[in-house]
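# Breakdown of the fold
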Amino acid sequence: MFPSQQDNFDLHAEATLDPAIQPLPNPVDLSAEPQAIFLTGVTGFVGAFLLRELLTQTSARIYCLVRASDEANGLERIRQNLVQYDIWNEDDALRIIPVVGDLKNERLGMTPEYFAQLAAELDVIYHCGSKLSYVAPYEYLKAANVTGTEEVLRLATMGKAKPVHYISSLGILMAYQNLIGGREEDDLDPKKCPDVGYFRSKYAGEHVVRLARDRGIPVTIHRIGLIVGDSRTGASNTDDFVARILIGSIQAGYSPDINNAMDMTPVDFIARSMIYLSRQPDSLGKVFHLLNPNPIHWSDIFDLVAEAGYPTTKLAFHEWVEAVEEKANPSTNPLYPLLPFFHIQFARRMLGIADSHFRALGQDATHQALDKSGFICPPVDRTLVNTFLNKFVATGRLEPARKEYTPA
């Protein structure tokens, strides 16, 4: 369920910032080429692509926070993560410095001496890391997602001034009911945040960053929505929400007939856009909404899937859920573990079916900021869908199409 007026949980009270965390006197220069960058979340999906972009667009050393037994184990975890997404380059290994630690710990799990040393060396911080769970309670996620953000800001305000680029979530605005939702510059509204522990923790984490901004600490906030695989290679997270629906529906032979739009955004566009925006002097203090400006209907997606040789029977949402529950193989269908999830209102909103219209969130300021970049978000079209399907086949997640499908 979503929070109601009777909900006494105070998200703003959950967001606190140590009074000792104050801006340093020296201004930051975003036009200067960074020599040392700190990145969290590198063993995740978006974090892997951020690392790839930072290695490509800069010549900096990238210090990567990673849970590991030692630096060698940390580098191996990073390597394996990038390998699975086809973005590892062995030549870059010397520029990646694993920082053994944990978001949920004081000083991110570092010794006071190393924390201070790193603070004096870093030029910029990208805080992408978070603990992700749609079922875990807020209290379980708070240490990593809220207190961890405070520790990142502590690192940013020691040694020398450095900007923090915080990766937030558009999910904290999911309760908007209108056709036009929140604009980038709008104040946070706790009534627009779902009663889901993860989104509450991201809301509180973003509010901590806003408290830092109010004190004069240089920050930018990048909100992301439903992320899909690499538009160039099709590589995607094995737990990807959309991939599970595509593969699971094909395997079951049934697909959701939902005529509401989805803002599926390829991860490569997200990463490139974040790094570009973070390096523009005008970006400091601003919020950006990174989502696909050309959403597509679920029903249309499965028309493209059928054209690729994977016809399915379209059913209304509830009938589709029931059909998959009855027909899917519980041990092999990747959609099956999500089925209980589809019975709650929150999941219906993620699929875009809880309301009769797509709730477009404000993107004008983001589009304007990206205007000179030349970046175009890949549309969810036949080419992109085929790229994903071919990758699923190549990695053994999907059987090859038996024959070319020709609509009657």
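Look up a bit, the structure's there.
All of the points below concern the structure found in this document. Along each chain, residues carry numbers from 1 onward, in the same order as the chain's sequence is written. For a predicted model such as this one, the threshold for reporting local features is a pLDDT of at least 70, and the threshold for listing and counting side-chain atom pairs is 80 or more; totals across whole chains, interfaces and linings nevertheless cover every residue. Remark: hydrogens and water are excluded; side-chain values derive from all non-hydrogen atoms of the structure.

## A word on the packing of helix α9 (residues 298–307) against helix α13 (residues 382–394)
Fitting a line to C-alpha atoms yields each axis, with helices limited to the stretch in contact; the angle taken between N-to-C directions then spans 0 to 180 degrees. Numbering of helices and strands runs from the N terminus, with a helix taken as a DSSP run of H or I at least four residues long and a strand as a DSSP run of E at least two residues long. Packing of α9 against α13 leaves a shortest axis separation of 10 Å and a crossing angle of 65°. Judged by the sense of rotation from one axis to the other, the crossing of α9 with α13 is right-handed. Along its contact with α9, which presents Leu304, Val305 and Glu307, the element α13 presents Arg382, Val385 and Leu389. Residues are sorted three ways: Asp, Glu, Lys and Arg are charged, Ala, Val, Leu, Ile, Met, Phe, Trp, Tyr, Cys and Pro are nonpolar, and all the rest, Gly among them, are polar. When grouped by side-chain class, the residues that make up the contact of α9 with α13 number four nonpolar, no polar and two charged. A clockwise turn of the near helix away from the far one marks a right-handed crossing, whereas an anticlockwise turn of less than a right angle marks a left-handed crossing. Working rule for contacts: check all heavy atoms of both residues, and any pair within 4.5 Å makes them a contact.

## Description of the pairing of strand β1 (residues 36–40)
Within β1, five of the five residues are buried, leaving the element largely enclosed by the surrounding structure. Throughout this description, buried means an accessible area under 20% of the type-specific maximum (1.4 Å probe, protein chains only), exposed means over 50%, and partly exposed covers the range between. Side-chain alternation along β1 places Ala36, Phe38 and Thr40 on one buried face and Ile37 and Leu39 on a second face that is also buried. For two strands to be treated as a pair, DSSP must find at least two bridges joining them. As paired elements, β1 and strand β2 (residues 61–66) share four bridges and run parallel to each other. Pairing of Leu39 across the sheet is with Cys64, part of β2. One ladder, built from four bridges, connects β1 with strand β4 (residues 124–127); its direction is parallel. Of the residues in β4, the one forming a bridge with Phe38 is Ile125.

## Let's talk about the packing of helix α4 (residues 112–121) against helix α5 (residues 138–156)
Where α4 contacts α5, the axes come no closer than 8 Å and their chain directions differ by 60°. With respect to each other, α4 and α5 are oriented oblique. On α5, the residues that touch Phe115, Leu118 and Ala119 of α4 are Glu151, Arg154 and Leu155. Put simply, angles under 35 degrees are roughly parallel, angles over 145 are roughly antiparallel, angles from 65 to 115 are roughly perpendicular, and the rest are oblique.

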